[in-house]
Amino acid sequence: MLRENIPVRDGLQWKIDAMLDRIEWAKAGEAYYYQQAISEIDGAWVVTNGQRKLMFATYSYLGLLEHPKIKQAAQEAIVKYGTGTHGVRLLGGTLDIHLQLEETIARFHNRDAAIVFSSGYVTNLATISTLVGKGDWVISDKWNHASIVDGCVLARGKFVRFRHNDMEDLERRLQQAPPDAGKLVVADAVFSMDGDIFPLPEAVELCRRYNARLMIDEAHSLGVLGETGRGIEEYYGMEGVIDVKMGTLSKTIPAVGGYIAGDEDLILYLKHAARGFVFSAALPPPVTAACIAGFEVIETEGVERNHVLRRNVEHFLTGLKERGFDTGVSVTPIVPIMTYDDDRAMQMTRYCQEHGVFVLPVLPPAVPHGTSRLRANVTAAHTIEDIDFALDVFEAAGKEAGVI
Ligand SMILES: *Cc1c(COP(=O)(O)O)cnc(C)c1O
């Protein structure tokens, strides 16, 4: 709304209006499914507006959202500690379970120590902007998550990007940096819009050669990559090569929060210097307890659930390709169903949502212009019958929209 005391359309208003126009466009096409409220959860199924839908827009890769042990841990923590804390971790906010969670994360990733933040977004923002100071360089993959990009923008050092997964381009950037400059190379382990994997062995070699530290975001690989779900290092059989190991507590771990695991010095430094930690309140007790239980569940059930997940990914990707869909470079549970065109993505979304599949489109600016898609996430909670049902719906939707 234009406020009366601002008679002209200034830059602020122009931005608001531009976004409202796009929302209007989506609503006019009856394809606005963002922020749709879910009223019930039942395994891989959800209820929205009284309609049961099979969930394909979820990050709960191992299907732990309703795990009884995790729910129980959260309930017990509320009874014992209440719902909040005395404030920031550095002052009165630290509970014994916060330390226990950090020890659990360190053990899980076989590192000295860990620090938890209030979200994955804040973890990247705070860690990158704290580590990379004046005179330092941060070198970031072009497809990295927005929270990494924002951390790089906030950092006082020089921010440069290399072409996605292109190790020759990464080497050129490393050569451009002054030899004595501090260097941080940062990338997603599994890329969140396309589902491909970072070439860790080559990157590690380059980082060693050019004396750079390596930070990897395991948001979509925790519980997913490697036999026991430990992430990208286990996937490549290269334990301990990542200097700054970042993860979220909101995807495979069914809660909220983010963390860095690393060596003792790094973690102690971040616990006193990272503004997103020092000036923001501690994780609530039920969340903290749920996270501890979540890691324990991966330690006991991870192999089995990961096996089901891999079978499902295989079945889903093969089924989509057989039906003529373009799934880009995906080899993980993140599966883009490429439409390239915005309207076709909206049309497919509407068909799927009306026929019992909860899936959402990804449009610019989240992805480059001309690369719009549906992003479907397959999880360990899906059965083969669920996936077959979804494949039929996607096929009908793709035909109606002229995608296949
Ligand atoms: C989701 C995500 C984050 C942010 O995590 P939140 O816990 O949702 O704040 C960071 N990095 C990547 C790659 C992500 O996909």
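Residue numbers here run from 1 along each chain, matching the order of that chain's written sequence. Where totals are concerned, whole chains, interfaces and linings use all residues; where local detail is concerned, this predicted model gives features only for residues with pLDDT of at least 70, and gives and counts side-chain atom pairs only at 80 or more. To obtain the side-chain values, all non-hydrogen atoms of the structure were included, while hydrogens and water were left out.

Caption draft 1: Representation of the pattern of salt bridges. In what follows, salt bridge is the name for a side-chain nitrogen of Lys or Arg lying within 4 Å of a carboxyl oxygen of Asp or Glu. What the rule picks out here adds up to 16 salt bridges. The closest approach of N and O atoms between D42 and R52, which form a salt bridge, is 3.2 Å. Note that D42 is positioned in strand β1 (residues 38–42) and R52 in strand β3 (residues 51–55), a separation of 10 residues in sequence. Partly exposed residues are those whose accessible area sits between 20% and 50% of the maximum for their type, while under 20% is buried and over 50% is exposed, using a 1.4 Å probe and protein chains only. Judged by its relative accessible area of 44%, D42 is partly exposed. A residue is classified by how much of its surface remains accessible, and R52, at 44% relative accessible area, is partly exposed. Ionic pairing is found between E233 and R111, a salt bridge with its closest N-O pair at 2.8 Å. Of the two residues, E233 is situated in helix α9 (residues 232–236) and R111 in the loop between α4 (96–109) and β4 (113–117); the sequence distance between them amounts to 122 residues. Across the pair, exposure class does not vary: E233 and R111 are buried alike. One network of salt bridges, with partners in common, ties together R111, E218, E233 and K245. Helical segments are the DSSP runs of H or I of at least four residues, strand segments are the runs of E of at least two, and each set is numbered from the N terminus.

Caption draft 2: Geometry of empty space enclosed by the protein. Note on definitions: the grid is 1 Å and covers protein atoms alone; a cavity is a set of points where a 1.4 Å probe fits but cannot get out; a pocket is an open set with protein on both sides within 12 Å along at least five of seven lines; lining residues have an atom within 4 Å of a point. Grid points are joined across faces, edges and corners, and a volume is the space filled by probe spheres set on the points. For the structure shown, the criterion picks out 1 cavity of 30 Å³ or more. Here the largest cavity defines a volume of roughly 70 Å³. Lining the largest cavity, in full, are R89, H98, V116, F117, S118, G276, F277, S280, A281, A282 and L283. Looking at the lining of the largest cavity, the elements that each hand over two or more residues are β4 and α11 (275–278).

Caption draft 3: Quick peek at the sheet that holds strand β2 (residues 45–48). The mixed open sheet is built from 4 strands, whose spatial order is β1-β2-β3-β12. Since the sheet does not close on itself, it has two edges, and those belong to β1 and β12 (357–358), each with one partner. Two strands make a pair as long as DSSP finds a minimum of two bridges between them. In this structure, β3 lies alongside β12, joined through 2 bridges in parallel fashion. Within the sheet, the bridge partner assigned to M55 lies in β12 and is F358.

Caption draft 4: Expanded view of the site of the ligand. Summary of the distance rule: residues count as near a molecule or strand when at least one heavy atom falls within 4 Å of that molecule or strand. What surrounds the ligand is a group of 15 residues, the closest being Y121, D217, H220, S250 and K251. Nitrogen and oxygen atoms within 3.5 Å of one another constitute a polar contact, given that in protein one can donate a hydrogen and the other can accept it, and given that sequence-neighbouring residues count only through two side-chain atoms. Contacts to the ligand include H145, whose side-chain N or O atom sits 3.4 Å from a nitrogen atom. Here K251 contributes a side-chain N or O atom positioned 2.7 Å from an oxygen atom of the ligand. Within the complex, the protein chains bury 86% of what would otherwise be the 380 Å² of accessible surface of the ligand. Per-element tally for the shell around the ligand: the top contributor is helix α5 (residues 120–131), with 3 residues. Of the residues in the shell around the ligand, the class split is 2 nonpolar, 10 polar and 3 charged. Throughout, the Shrake-Rupley method with a 1.4 Å probe supplies accessible areas, and for residues the shown protein chains are the sole cover considered. Side-chain classes are defined by residue name, with Ala, Val, Leu, Ile, Met, Phe, Trp, Tyr, Cys and Pro counting as nonpolar, Asp, Glu, Lys and Arg as charged, and the others, Gly among them, as polar.

Shape descriptors only; they carry no functional weight alone.
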